[in-house]
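Architecture at a glance
Each chain, letter by letter, is given below.
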Amino acid sequence: MAQSMSMKQIGARHMSCAVDIMEWSNKMDLVAYGTEKGEVVIQRLNWQKIVTFPALGEDIKVKGLSWQHDETVVAVGYSNGQVSLLDVEREECISSVNYDDEIKNVYFSKPIKAPDYRQVHRNKTEITHDFFLPTLPQLNSLGVSSKVKEHKSLANGAPSFLVVLLKSGNVHLLLLGALKAGYIDLSEHVQSPEDLEVCDVRLSGNFDAVYALVRYGCQLNVLHFRNPVLKEYLSPMIKLAQYCANIQETKNYINNTLQCMLEAWETVLLEMDNKLTNYANKQMEGFLSADFMELLVFGYATNEIEEFLTQDLTEKGVKKLQNSVELSYSTIQSLVSKPLQMASINMFYFLNTLKGLARILHYFKPLVVPTSTETAVRQCGAFLMKIMETQQVIDQSVNDMKLFFSWLCVVIVRLHQQDVTEEMTQLSMEDTIYLAEYLNSFEDSVVENSDGSVTKRKFNLEKVGQYLEDKPLQQVLKTDMYQMWQKLLDEHECLRNSTLLYPHEKNLSLIQQRDKLFTAIDKVFEKPNESISANFELDTTFLCRQFDEIPEAEKEFMKMSYFVCEKKNLDLVAITIGWQECLIIGIDSKFTQMQMFRLKTVPGPFTKELPNGLENLSFVDMQFYNDDVISLLLVNKNEDKSQSYFIQFPLDQAKSNSSLHTLPQEFLQTSDFSTAHSIFDIIDNSCFKGMDGVCTHIAVSGCRKVASLLSDKGKKMIIFEMEIEDDDDEIEMSQNSMLDISKDSVVS
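Rules used throughout
Residues numbered from 1 in each chain as written. Predicted model: local features only at pLDDT ≥ 70, side-chain atom pairs only at ≥ 80, totals over all residues. Heavy atoms only, no water. Pairing = 2+ DSSP bridges. Helix = DSSP H or I, 4+ residues; strand = E, 2+ residues; numbered from the N terminus. Axes fitted to C-alpha atoms, helices over the stretch in contact; angles between N-to-C directions. Patch = residues over 30% accessible without salt bridge, like charges linked within 9 Å, V, L, I, M, F, W, Y side chains within 5 Å. Areas by Shrake-Rupley, 256 points an atom, 1.4 Å probe, with all protein chains shown as cover. Salt bridge = Lys/Arg side-chain N within 4 Å of Asp/Glu carboxyl O. Lys, Arg positive; Asp, Glu negative; His and termini not counted. Charge placed at Lys NZ, Arg CZ, Asp CG, Glu CD. Buried < 20%, exposed > 50% of the residue type's maximum accessible area, 1.4 Å probe, protein only. Contact = heavy atoms within 4.5 Å. Polar contact = N/O pair within 3.5 Å; in protein donor to acceptor, adjacent residues only side chain to side chain. pLDDT = per-residue confidence, 0-100. Phe/Tyr/Trp six-rings, centres within 6.5 Å; stacked < 30°, edge-to-face > 60°. Lys NZ or Arg CZ within 6 Å of the ring centre and 35° of its normal. 1 Å grid on protein atoms, 1.4 Å probe; cavity = no way out; pocket = protein on both sides within 12 Å on 5 of 7 lines; lining within 4 Å. Points joined across faces, edges and corners; volume = space filled by probe spheres on them. Nonpolar A, V, L, I, M, F, W, Y, C, P; charged D, E, K, R; others polar.

As a further point, take the sheet that holds strand β16 (residues 219-226). Across the sheet, which stays open at both edges, the five strands sit in the order β14-β15-β16-β19-β28 with mixed pairing between neighbours. One side of each edge strand has no neighbouring strand; the edge strands of this open sheet are β14 (197-203) and β28 (667-669). Along the sheet, successive strands turn relative to each other by an average axial angle of 20°, direction set aside. Where strand β19 (residues 537-546) lies against β28, three bridges are found, and the strand directions are parallel. Its bridge partner being in β28, T541 is matched across the sheet by F667.

Take a look at the structure:
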């Protein structure tokens, strides 16, 4: 125990700006901290900065930080209500969720080790989707200019809950950071919701209960909520969350692909607008098609068209425009035929699997509704059909553009009274008829503006862009009247409305069809959130302290730290109930009994004479170091000089002096059942590590045997090595050698 309480300062450095919050990684010697500017910085133990994630905007602060267990993913909660999962290794944001209130705190629970519900029925060599589905191609490899990175799957790593606490008192659970797995509105469970202040919320080690430290009125309480659905259906929920994460990743991939298609199409649109559309908007309605038809059939060019083709457009301009359009169409075509179609097939596989899981009512009845999965599968089928339709329109547009621009080149040469070379394409009779129909459709388009007005003037050459806009198609693809399948559907309404056939919604654009698919998918994952939320029940209230009045300046003393002790099957909770008093509570995993220990920083009946500086200590921050030690940060605010003290307090002393209580109880007033013990009667004065100045925050990691403190109003970080050996050679180890060992451990 003496070794676990030992410590040695190995470095201190002034930061470029004040640090508001920090958290150590369990896997590597990395610390994440949020600055007053709203940035999230990741650095090594040797102060080397790994990556800096910029602030979301001005005056947006970092309110919560948490590392995913044994992963390089950090959950960050911001003051504007956004929760982002940041991948340190890839230096990117994996996903983000937005809430309508300020984030109070976010954190990952311990890893879930639930037995697989399928192991009774199936062997462990079951083939997963990784065997059937090909890896989606990287968009950068297809010649796309956008810097789109490959997204890391949320389903990787040990499963855990991401708990999001809002300032209003709403608590949201996200399994794997993707599946919404319940929420609690704490304001519905207190007597004075208008005066509610939520300090912290924690998920129990068994994942079937929630602890909430709240203040309302003049009471500081811990609320304990039970939820049998969370524990009973935890294994099926993990399976569902894995598919939810895979689907979310596929949705992101589809969005990125469509964004790349939109950028390629905007290149086409820009070229068309610069030349062709501007000319078309100057012509009266109906004249455009008529003039071009006369030019095609009779070879007669009006003065306007002749001036436009010979002076504004020119032969060189036509060829340049043709090359640009063909290159852009080629990019769009490659995006549709490979990544978009493959991602949709993957989505179809995932949704079909969920459709099958929904029929296993014994495991998934409260989690998945069969009708919602059926709707999502149908919408995915409709999205696939819309992709095929888009591919068909692209192929047709490529041929149309090629034919149109080739004809324009010949016309311009003739208008200049030059000889037509053999390299120029000569139109056949079939091409002439096809081109006539194409020119006749120039002014078929009616464009609806955002203000509701209608514009009929548009040079309607380009038909692909309408599929990438969030509005109905302006030109619906014509159906082949001789197609037997379409004729069969038109004649038989029962077959046309059958749920076994996927709908082909011809009036919708590709973007609208995607939105319908995503809306249907969101409805699939509404059921677990509703079922779990409805089963949260408040079964016990711990009254930590009753106040006569709490001045606004004294509310900062309310702190809470939580630790799941798996070896002892205990949930450890530490709560400050005053500037000079805290509670350390141990609750067994079955919630049948509770150990309570009250610790105060004032001298006790057996306290010897205290050295100068220890006579008036107050709590500043606390955090569990491991199963046996809790780290305390205390401060002595004197008029002459204030000083902070860093302490590693042994929990075995708390256990031997704690009181034991039977649970559950509807209402438990902690002050009536335990006696406060002075910290000076338990540990020696030598355990108080004096710091220079006043420290404001502490972050510790028992796995990495490291601790860091913030002082000078958050602008100075001090790092300690913990659990040092009582050996002269070890004590004399230099700071640089310690950092080298730390770096080697990260590499290994």
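Now that the structure is up, let's keep going.
Let us now look at a negative patch on the surface. On the surface, E304, E306, E307 and D312 cluster together to form a negatively charged patch. Looking at the secondary structure, you find D312 in helix α6 (residues 303-313). The exposure class of D312 is partly exposed, given its relative accessible area of 45%.

Along the polypeptide, Y107 turns up in strand β10 (residues 103-108). Along the primary structure Y107 and A75 are separated by 32 residues, whereas in three dimensions their C-alpha atoms are 6.9 Å apart. The residues contacting Y107, other than those within four sequence positions of it, are S66, F161, L162, V163, V201, R202 and L203. Polar side-chain contacts of Y107 include one of 3.3 Å to the backbone oxygen of V201.

We now examine a nonpolar patch on the surface. A contiguous nonpolar patch, built from V297, F298 and Y300 and spanning about 380 Å² of accessible area, is present on the exposed surface. For V297, the location among the structural elements is in helix α5 (residues 287-297).

On to the confidence of the model for the protein. With 84% of its residues at a pLDDT of at least 70, the protein reaches an overall mean of 82. In the predicted structure, residues 728-748 sits below a pLDDT of 50 and forms 23 contacts with residues beyond four places in sequence or in another chain.

It is worth spelling out the side chain of S6 at this point. By the secondary structure assignment, S6 is in the loop between α1 (2-5) and β1 (7-14). Here I724 takes part through its backbone nitrogen, which lies 3.2 Å from a polar atom of the side chain of S6. Those residues in contact with S6 that sit more than four places away from it in its chain are E721, M722, E723 and I724.

Pairing between strand β4 (residues 40-44) and strand β5 (residues 49-53): four bridges, direction antiparallel. Its bridge partner lying in β5, Q43 is registered against K49.

Looking now at the packing of aromatic side chains. Overall, the coordinates contain twelve aromatic pairs when judged by the stated rule. When the centroid spacing of 6.2 Å and the interplanar angle of 40° are considered together, the rings of F563 and F624 count as tilted. One end of the pair, F563, is in strand β20 (residues 560-565); the other, F624, is in strand β24 (residues 617-624), and 61 residues separate them in sequence. Ring centres 5.6 Å apart and planes at 55° place the aromatic pair F646 and F720 in the tilted group. Of this pair, F646 sits in strand β26 (residues 643-650) while F720 sits in strand β33 (residues 716-722); the two residues are 74 residues apart in sequence, bridging distant segments of the chain. You'll find F646 and F720 in the same group, each marked buried. Following the ring pairs from residue to residue traces out a cluster consisting of Y243, Y349 and F350. When the ring centre of Y107 is taken as reference, the NZ or CZ atom of R202 above it lies at 4.0 Å. Note that K251 overlies the ring of F518, its terminal NZ or CZ placed 5.0 Å from the centroid.

With a probe scaled to a water molecule rolled over the atoms, the places where space remains empty come into view. Within this structure, the stated rule accounts for five cavities of 30 Å³ or more. For the second largest cavity, the calculated volume is near 50 Å³. Within the residue set of the lining of the second largest cavity, elements represented by two or more residues are β15 (209-216) and β16. Within the lining of the second largest cavity, the residues separate by chemical class into three nonpolar, four polar and four charged.

Turning our attention to the environment of V214. Among the structural elements, V214 can be located in strand β15. According to the relative accessible area criterion, V214 is buried, its value standing at 0%. When the C-alpha atoms of V214 and V201 are compared, they prove to be 8.7 Å apart, with 13 residues separating the residues in sequence. Excluding residues within four positions of it along the chain, V214 makes contact with L186, L196, E197, V198, Q219, L220, N221 and L223.

Applying the stated criterion to the full structure yields 16 salt bridges. The salt bridge involving D195 is made with R215; its shortest N-O contact spans 3.6 Å. Pair noted here: D195 is in the loop between β13 (179-185) and β14 and R215 is in strand β15, with a separation of 20 residues, a long-range link. Given a relative accessible area of 31%, D195 falls into the partly exposed group. By relative accessible area, which is 4% here, R215 ends up buried. Between E389 and K386 there is a salt bridge, with the nearest N and O atoms lying 3.2 Å from each other.

In sheet architecture, strand pairing relies on hydrogen bonds along the backbone and comes in two forms, parallel and antiparallel. Spatial strand order, β24-β25-β26-β30: four strands in an open sheet with antiparallel pairing. Each edge of the open sheet is held by one strand with a lone partner, namely β24 and β30 (689-690). Relative to β26, strand β25 (residues 629-636) runs antiparallel, the two sharing eight bridges. Its bridge partner lying in β26, L634 is registered against Y645.

The subject of this paragraph is the pairing of β16. For a regular strand, the rule is simple: side chains alternate between the two faces of the sheet. Taking burial as the measure, the eight residues of β16 include seven buried ones, the bulk of the element. As paired strands, β15 and β16 are joined by eight bridges and run antiparallel to one another. Bridging from a neighbouring strand, V214 pairs with N221 of β16. Between β15 and β16, which pair antiparallel in sequence order, lie two residues; one of them, G217, sits at a positive phi of approximately 65°. Two strands pair when backbone bridges link them, and β16 and β19 are joined in this way by eight bridges, in the antiparallel orientation. Looking at the pairing, L223 lines up with T541 of β19.

Looking at the secondary structure, you find V19 in strand β2 (residues 19-24). Beyond its immediate sequence surroundings of up to four residues, V19 is in contact with Y33, G34, T35, L710 and G714.

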